Amino acid sequence: MQFFSTKMRKFYLLLASILIISVLIVFTTKNESYAKGKPSYVLAVHGGGVGVRKDKATSKDKKLFKEYKLKLTEALKIGEAILKGGGTSLDAVEATVKFLEDSPLFNAGKGAVFNNNGYNELDAAIMDGNTLKAGSVAGVTIIKNPILAARKVMTQTKHVLLCAEGAEQFAKKQGLEIVDPSYFKTEHEWERYLKSKGSASLEIEKTHGTVGAVALDSKGNLAAATSTGGLQNKKPGRIGDSPIIGAGTYANNKTCAVSATGTGEVFMRNVLAYDISAQIEYADFSLKKAAEKAVKKLKNQKGYGGVIAIDKDGNIAMPFYSRGMKRGYITSTGKLRVFIY
Ligand code: ASP
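Residues numbered from 1 in each chain as written. Predicted model: local features only at pLDDT ≥ 70, side-chain atom pairs only at ≥ 80, totals over all residues. Heavy atoms only, no water.

Around the ligand sit ten residues in total, of which T210, R238, D241, T261 and G262 are the nearest. Side-chain polar atom of T261 to an oxygen atom of the ligand: 2.7 Å apart, as the coordinates give it. Alone, the ligand offers 270 Å² of accessible surface; in the complex the protein occludes 99% of this. Under a 2 Å grid-point criterion requiring more than half of the atoms, the pocket assigned to the ligand is the largest cavity. Class assignment for the residues of the shell around the ligand results in two nonpolar, six polar and two charged. (Near = heavy atom within 4 Å. Polar contact = N/O pair within 3.5 Å; in protein donor to acceptor, adjacent residues only side chain to side chain. Areas by Shrake-Rupley, 256 points an atom, 1.4 Å probe, with all protein chains shown as cover. 1 Å grid on protein atoms, 1.4 Å probe; cavity = no way out; pocket = protein on both sides within 12 Å on 5 of 7 lines; lining within 4 Å. Sits in = over half its atoms within 2 Å of the grid points. Nonpolar A, V, L, I, M, F, W, Y, C, P; charged D, E, K, R; others polar.)

Now the structure itself:
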């Protein structure tokens, strides 16, 4: 006895073919988009905003810009060596930021701005997009590399943020390098402090700047790190956005990794780094669109600055609302770029 009529058999055959073809289409599309150029790793870095208009840059500014570009290139290569060797995005962002903290060219670690009492207070944060673990230190004055202390807070404590003396005691116990506060002093920043002394204006460094890095590693893990001396002429005890998870630093494997620079108070009020991630997670926006929308808030709220961000597919966005922003990226495809404007 014939179980199916010929008509029915034809129908089932057609259904099966449609199913097989749809499955094939889904898989090949996925593979194609990966093969088409998803880099196996990406690292982006920033060295803060630039307050000088391109057409107004003096020869002294231009000389400095060259130095920034060289330092950012070196920083990118340090992080890249880690990613290329199969290292983690966390190790890459930490090493990149540490290298920039050691350079007097930036407002982080050595070269940090002075508060209005004439000493340096440093903030830093790191976040692991895989576990959503994070660590930060704020208002520290004797830890040579705040980013290393932030990482220790993440890995060696149950907390997220340690500040001031508590953070310093912790760093000492962890065996991190402790320096005399005078280590952070540079003539450039001291002169600016003397000029602004007594005034109420809070300034973002016109050329020197906060540093940050974001990375995607070959295992698909995202990480972000930021380090800063904060705003010049800030009140002692003022903490900015950089060490506040979600404000100036954020990473989530489901969405993106972000490091910010600029008017910290605006980043904090708008939880801007997390805002970018949330737009991707809940509204399905592209990284570019989400980052641009977030940076627009700076403009609307009289703030300045920008972000560097990488999404889980290795896309990069680096929008800013300021005259310029020292920034760059490197990918596993060998592409390295650094920009000021
Ligand atoms: N965002 C930093 C702060 O407000 C400053 C900067 O990025 O220049 O502390």
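Here H46 is to be found in strand β1 (residues 42-50). Sequence separation between H46 and V338 is 292 residues, and the spatial gap between their C-alpha atoms is 9.2 Å. Not counting residues up to four positions away in its chain, the partners in contact with H46 are L72, L100, T210, V211, G212, S259, A260, T261, I308, K326 and R327. Separated by 3.0 Å, the side chains of H46 and S259 make a polar contact. (Helix = DSSP H or I, 4+ residues; strand = E, 2+ residues; numbered from the N terminus. Contact = heavy atoms within 4.5 Å.)

Okay, the packing of helix α3 (residues 89-101) against helix α4 (residues 146-156) next. When two helices pack together, their arrangement is captured by the angle between the axes and the distance separating the axes. Relative to each other, α3 and α4 sit at 150°, their axes nearing to 8 Å. In terms of orientation, α3 and α4 fall into the roughly antiparallel class. Here L90, D91, E94, V97, K98 and E101 of α3 lie close against α4, whose contacting residues are P146, I147, L148, R151 and M154. The residue inventory of the contact of α3 with α4, partitioned by class, reads six nonpolar, no polar and five charged. (Axes fitted to C-alpha atoms, helices over the stretch in contact; angles between N-to-C directions. Parallel < 35°, antiparallel > 145°, perpendicular 65-115°, else oblique.)

The next subject is the packing of aromatic side chains. On inspection of all chains with the given rule, the structure shows nine aromatic pairs. Here F114 and W190 contribute two aromatic rings whose centre-to-centre distance is 5.0 Å and whose plane-to-plane angle is 70°, an arrangement assigned as edge-to-face. Here W190 lies in helix α6 (residues 187-196) and F114 lies in the loop between α3 and β2 (122-128), a separation of 76 residues in the sequence. Relative accessible area serves as the criterion here: at 3%, F114 is assigned to the buried category. Residue class for W190 comes out partly exposed when judged on its relative accessible area of 23%. Through a chain of ring-to-ring contacts, the aromatic side chains of F114, W190 and Y193 assemble into a single cluster. Above the plane of the ring of Y183 lies K110, whose end atom (NZ or CZ) is 5.1 Å from the centre. The ring of Y68 has K326 sitting right over it, with the charged end atom 4.7 Å from the ring centre. (Phe/Tyr/Trp six-rings, centres within 6.5 Å; stacked < 30°, edge-to-face > 60°. Buried < 20%, exposed > 50% of the residue type's maximum accessible area, 1.4 Å probe, protein only. Lys NZ or Arg CZ within 6 Å of the ring centre and 35° of its normal.)

Before going further, it helps to examine the pairing of strand β12 (residues 324-331). When you tally the buried positions in β12, you get eight out of eight residues, the bulk of the element. The two faces of β12 match: G324, K326, G328 and I330 on one face and M325, R327, Y329 and T331 on the other face are all buried. Examined bridge by bridge, β1 and β12 share seven bridges and lie antiparallel to one another. Paired with G49 across the strands is M325, a residue of β12. (Pairing = 2+ DSSP bridges.)

Of the residues making up helix α5 (residues 164-173), those classed as buried are A167, E168, F170 and A171. The arc enclosing the buried residues of α5, seen along the axis, measures out at 160°, which places them on a common side. Turned more than 90 degrees away from the buried face of α5 sit E165 and K173, all of them exposed. In this structure, the buried side of α5 is in contact with β3 (134-140), α4 and β4 (161-163). The positive-phi residue at the C-terminal boundary of α5 is G175, with phi of around 80°. (Arc of directions from axis to C-beta.)

By convention, interface size is frequently given as the accessible area that disappears when the constituent parts associate. Domain annotation of the chain identifies domain 1 (1-37) and domain 2 (38-339). If you average the C-alpha positions of domain 1 and of domain 2, the two centres end up 50 Å apart. (Domains from an automatic or database assignment.)

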